[in-house]
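# Coordinates in review
These are the residues of each chain, in order.
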Amino acid sequence: MAKTLVLLPACETELQAKGARVGWAQDGLSAKGVEQAQKAGKLLTDAGFKFDALFTSVQKQAVCTAWTALMEGNEVAIPQYQSYRLNDRHWGSLQGCSEKDLEAKYSKEELGNWRVGAPPSVATSDAQHPCRDPKYRAIPASLLPGSESMATVVQRVQPLWDDAITPFLLSSKTPLVVAHEASIRALCQLLEEDTDQEALEYNILPGVPVIVELDEDLDFRKKTPLGLKAKAKAKPSARAAHDLKPGPKPKPQPKAMALGLGLAPQHFESFTDRSFWVARVIGYPPLPRAADVGLSCGEHSDYGCWTILSQDETRDALEVRFPDGSWQKVQPREDAFVINLGDMLSVWTQGRYVATRHRVRQTAGQFRTSVAFFYEPNLDAVIRPLDLGLASPQSGRSFKPAASTGPLARGLAGGPVVYGEHLYAKVSSNFNLQA
Ligand SMILES: O=C(O)CCC(=O)C(=O)O
Ligand SMILES: [Fe+2]
């Protein structure tokens, strides 16, 4: 059964009416903001919504919006959960500044970068830093930001989504989430599995409720703003009728990997949202049958997350190394792909998932073709062992570290590896790029 979630973006505040950025400041609604919230409440009541729980930030703006809206209906006995995880984005030293002041003080480029990236941070000694605010006393200092990028807002929102909101949805209850432009954007980004740039395109308007439909596994189906007049559609031109209609973007999401490791489905998204994936069609001319050691593709493990490999019908070519050191043939099957786990998956899981060592010996008298899709982390992703509650690294078992030096060795020993560094080290040792 489909699930429904209602998101209500907080209404205009006094500071916003003056063109300033609120961030984490406490700021009540402006007269216009109160009207926006009342209108939202009427829309939700008229549409027949009944809520089982209310989630807000700990900011006046969201709490006032929520209750002004709810006062328009008769449902006031709802459990309310407040969390700093739904706060607006912390704008660091830009907080409270008007757009005009910012334009005078900073370059267009800087302001452009801070749409996605973190603006200059406030120090913990600064009154604007949340650690100075008794409201956040119970929250570990390391979680309280001095400024935030879009990505860190997503990280902040995610645990609340995973641990608090999803249980309501899974038991078919309808939660109302009243939060801020940035936290609602982050929540939608998580649900829609979009990148920061894609999320910048969302139209999140103060006081305009967004009805989100999810399927029974909580996968995103669609979101619809309530009460916005649909824009008149331009008649399609003859040319447009011939254009390819863009479908949903293919986004290989390592969800199964996250779920299989007991992590939240989106856990790997920030490591792979700019995946350095590669797809290769590989041709292997036959080697002379007599060639004992002639290898078409020498022993190696793949570099990143995993590889999906399709082999043609040539038999006896691909071989996989087993823990006892022996080589086993991996014969092609029409109904199956070969999945090779990569080095970074080994680092993440401390060897629980072994990066398969494999090679190709193409001795059949025919030309062999294989197609490999290498799914890799972002080049700048920092990979370090996950906290999976493993008793100890399983290096004693079947896991044989493939490198004794370099970034991979560091990763296997528990340290961080930047994927691009590992890739470069591996490719340069394979192809002698030092020259
Ligand atoms: O062609 C194959 O079967 C394997 C290719 C491979 O392992 C690779 O290119 O990394
Ligand atoms: Fe490979």
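Just so it is clear, the structure is predicted and the values come from calculations on it, not from any experiment. (Residues numbered from 1 in each chain as written. Chains lettered and ligands numbered in written order. Predicted model: local features only at pLDDT ≥ 70, side-chain atom pairs only at ≥ 80, totals over all residues. Heavy atoms only, no water.)

Under the defined criterion, the tally for this structure stands at 13 aromatic pairs. With 5.1 Å between their ring centres and 20° between their planes, Phe 55 and Tyr 81 make a pair best called stacked. Of the two residues, Phe 55 sits in strand 2 (residues 53-56) while Tyr 81 sits in strand 3 (residues 80-82), which places them 26 residues apart along the sequence. Judged by its relative accessible area of 35%, Tyr 81 is partly exposed. Where Phe 271 meets Trp 348, the ring centres are 5.4 Å apart and the plane angle is 75°; that geometry is what we call edge-to-face. In this pair, Phe 271 sits in helix 11 (residues 269-272) while Trp 348 sits in helix 12 (residues 343-348), placing the two residues 77 residues apart along the sequence. (Phe/Tyr/Trp six-rings, centres within 6.5 Å; stacked < 30°, edge-to-face > 60°. Helix = DSSP H or I, 4+ residues; strand = E, 2+ residues; numbered from the N terminus. Buried < 20%, exposed > 50% of the residue type's maximum accessible area, 1.4 Å probe, protein only.)

Turning our attention to the environment of Asp 302. If you trace the backbone, Asp 302 turns up in the loop between strand 8 (297-300) and strand 9 (306-311). Each C-alpha atom, one on Asp 302 and one on Leu 341, is 7.0 Å from the other, the two residues being 39 residues apart in sequence. Leave out the neighbours within four places in its chain, and Asp 302 touches Thr 307, Asn 340, Gly 342, Asp 343, Thr 356, His 358, Phe 374 and Lys 426. Side chain to side chain, Asp 302 and His 358 meet in a polar contact 3.2 Å long. (Contact = heavy atoms within 4.5 Å. Polar contact = N/O pair within 3.5 Å; in protein donor to acceptor, adjacent residues only side chain to side chain.)

Our next topic: the nonpolar core. Residues Leu 5, Leu 7, Trp 161, Ile 165 and Val 177 are the most contacted members of the largest nonpolar core, which totals 31 residues. Looking at this core, the elements with two or more residues in it are strand 1 (3-9), strand 2, helix 6 (150-170), strand 4 (175-179), helix 7 (181-192) and strand 5 (210-214). Here the element with the most residues in this core is helix 6; it accounts for nine residues. Discounting chain neighbours no more than four positions away, the residues touching Leu 5 are Trp 161, Ile 165, Leu 169, Pro 175, Val 177, Leu 191, Val 210, Ile 211 and Val 212. (Core = buried A, V, L, I, M, F, W, Y, C linked by side-chain atoms within 4.5 Å.)

The next thing to look at is the packing of helix 6 against helix 7. In contact at an axis separation of 8 Å, helix 6 and helix 7 are set at 75° when each is read in the N-to-C sense. Viewed along their axes, helix 6 and helix 7 adopt a mutual orientation that is roughly perpendicular. Contacts between helix 6 and helix 7 involve Met 150, Val 153, Val 154, Val 157, Gln 158 and Trp 161 from the former and Ala 182, Ser 183, Arg 185, Ala 186, Leu 187, Gln 189, Leu 190 and Leu 191 from the latter. The class makeup of the residues in the contact of helix 6 with helix 7 is 10 nonpolar, three polar and one charged. (Axes fitted to C-alpha atoms, helices over the stretch in contact; angles between N-to-C directions. Parallel < 35°, antiparallel > 145°, perpendicular 65-115°, else oblique. Nonpolar A, V, L, I, M, F, W, Y, C, P; charged D, E, K, R; others polar.)

This next bit is on the coordination of the iron ion (ligand 2). Surrounding the iron ion (ligand 2) are the protein donor atoms His 300 (NE2), Asp 302 (OD) and His 358 (NE2), which sit 2.1 Å from the metal. Donor residues for the iron ion (ligand 2) sit on one chain with the sequence pattern H-x1-D-x55-H. (Donors = N, O, S within 2.8 Å, 3.2 Å for Na, K, Ca; no water.)

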